[in-house]
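Now for the letters of each chain:
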Amino acid sequence: MTSLSKDAAFWSKISRKYAESPIKNMDGYLTTLERTKSYLSPEDVALEIGCGTGSTALLLAPHVAHITATDIATGMIEIAQEKRAEKRLENVTFKVAEVLDHSRKDGPYDVVMAHNLLHLLPDLDAALAHIGALTKPGGLFISKTVCAPDKGGMKYALIRYAAIPVMQALGKAPFVQFLSAQALEDKMTHAGFRIVEAVDQSGLLPSRYLVARKET
Ligand SMILES: C[S@@+](CC[C@H](N)C(=O)[O-])C[C@H]1O[C@@H](n2cnc3c(N)ncnc32)[C@H](O)[C@@H]1O
């Protein structure tokens, strides 16, 4: 089994449980939604990668012309399709796809989004380069990513170097890589983006909300 198919199997297996779990930081989630909506236009064609069970794509759909939302896990996309049918939204397409599966022919997109995904990607540089190619010049890449805190601390060390490796060994956690917020921004800059907004969201592990514009 390749590491990608292992990840797909892991996320598919937990998809129903993930769908039922309450959002851990609701204030942070609502801020992400509101800030993201403020960047969207009714003419925008958007792509969300790693969309999970599709909740965010369905909430953002009324604010764009069309949104394609994709995920590596079949289980996640099945749930997203069920939710879409309930909401009867016509301008959302859900598809099973890995980051690098997206073809530029399907885009390029005005807005690409990836929420709670980038820290799960073993080859982040390749993913960001690909996302850059999928984003129109002047278009936006909007993301939220779990990052390493600036000052590590005991709690972070215990989670990162004890709890997560044990869970990974038991098959109960996927690959993760926590960069500093600065390192993440540097990688985006290297992929041809300019950061236009950055917001830190606290939590057991901090998240960084970033809006980045694709340079022309
Ligand atoms: C932590 S969940 C986040 C889901 C959703 N974006 C959210 O914020 O609730 C990460 C999602 O990324 C998907 N994922 C993991 N690796 C991926 C990859 N290489 N390409 C596409 N999706 C991936 C998983 O299947 C999972 O649904």
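To be clear, the structure that these remarks concern was listed above.
Described in the following lines is the structure provided in the data block. Please read all numbers here as calculations on a predicted model, not as lab measurements.

1. Description of the nonpolar core
Here's step 1: Counting 23 residues, the largest nonpolar core has Ala46, Ile67, Val92, Phe94, Val111, Met113 and Ile142 as the members making the most contacts within it.
Here's step 2: If you list the elements that add at least two residues to this core, you get α3 (26–39), α4 (55–60), β2 (66–71), α5 (74–87), β3 (92–96), β4 (109–115), β5 (135–146) and β7 (207–214).
Here's step 3: With three residues, the single largest contributor to this core is α4.
Here's step 4: When residues no more than four places from it in sequence are discounted, the contact partners of Ile142 are Thr36, Tyr39, Val111, Val112, Met113, Ala114, His115, Tyr209, Leu210 and Val211.
Here's step 5: Core analysis: the next-biggest nonpolar cluster, separate from the first, contains 22 residues, Tyr109, Ala127, Leu184 and Met188 among them.

2. Regarding the environment of Val196
Here's step 1: Mapped onto the elements, Val196 comes out in strand β6 (residues 193–201).
Here's step 2: Considered as a pair, Val196 and Leu140 are 56 residues apart in the sequence and their alpha carbons are 9.3 Å apart.

3. Description of the site of the ligand
Here's step 1: Lining the immediate environment of the ligand, one finds 19 residues, of which Tyr18, Gly50, Asp71, His115 and Asn116 sit closest.
Here's step 2: Within the side chain of Tyr18, a nitrogen or oxygen atom sits 2.8 Å from an oxygen atom of the ligand.
Here's step 3: The backbone of Ile72 places a nitrogen or oxygen atom 3.3 Å from a nitrogen atom of the ligand.
Here's step 4: Protein contacts shield 92% of the accessible area of the ligand, which totals 590 Å² for the unbound molecule.
Here's step 5: Residues belonging to the shell around the ligand are distributed by class as follows: 12 nonpolar, four polar and three charged.

4. Regarding the environment of Gly75
Here's step 1: Here Gly75 lies in helix α5.
Here's step 2: Separated by 13 residues in sequence, Gly75 and Pro62 have C-alpha atoms that sit 25 Å apart.
Here's step 3: The residues touching Gly75, leaving out its near neighbours within four places in the chain, are Ser12 and Ser15.

5. Digging into the pairing of strand β1 (residues 45–49)
Sheet faces and side chains relate simply in a regular strand, where the side chains alternate between the two faces.
Here's step 1: Along β1, four of the five residues are buried, which leaves the element largely enclosed by surrounding structure.
Here's step 2: The pairing of β1 with β2 spans five bridges and is classified as parallel. The residue bridging Glu48 from the neighbouring strand is Ala69, located in β2.
Here's step 3: In this view, the connection linking β1 to its parallel neighbour β2 by way of α4 has right-handed handedness.
Here's step 4: Of the strand pairs in this sheet, β1 and β4 are connected by three bridges, and their pairing is parallel. Within the sheet, the bridge partner assigned to Ala46 lies in β4 and is Val111.

Thresholds, definitions, all that
- Residues numbered from 1 in each chain as written.
- Predicted model: local features only at pLDDT ≥ 70, side-chain atom pairs only at ≥ 80, totals over all residues.
- Heavy atoms only, no water.
- Core = buried A, V, L, I, M, F, W, Y, C linked by side-chain atoms within 4.5 Å.
- Buried < 20%, exposed > 50% of the residue type's maximum accessible area, 1.4 Å probe, protein only.
- Helix = DSSP H or I, 4+ residues; strand = E, 2+ residues; numbered from the N terminus.
- Contact = heavy atoms within 4.5 Å.
- Near = heavy atom within 4 Å.
- Polar contact = N/O pair within 3.5 Å; in protein donor to acceptor, adjacent residues only side chain to side chain.
- Areas by Shrake-Rupley, 256 points an atom, 1.4 Å probe, with all protein chains shown as cover.
- Nonpolar A, V, L, I, M, F, W, Y, C, P; charged D, E, K, R; others polar.
- Pairing = 2+ DSSP bridges.
- Right-handed = clockwise from strand over helix to strand, strands pointing away.

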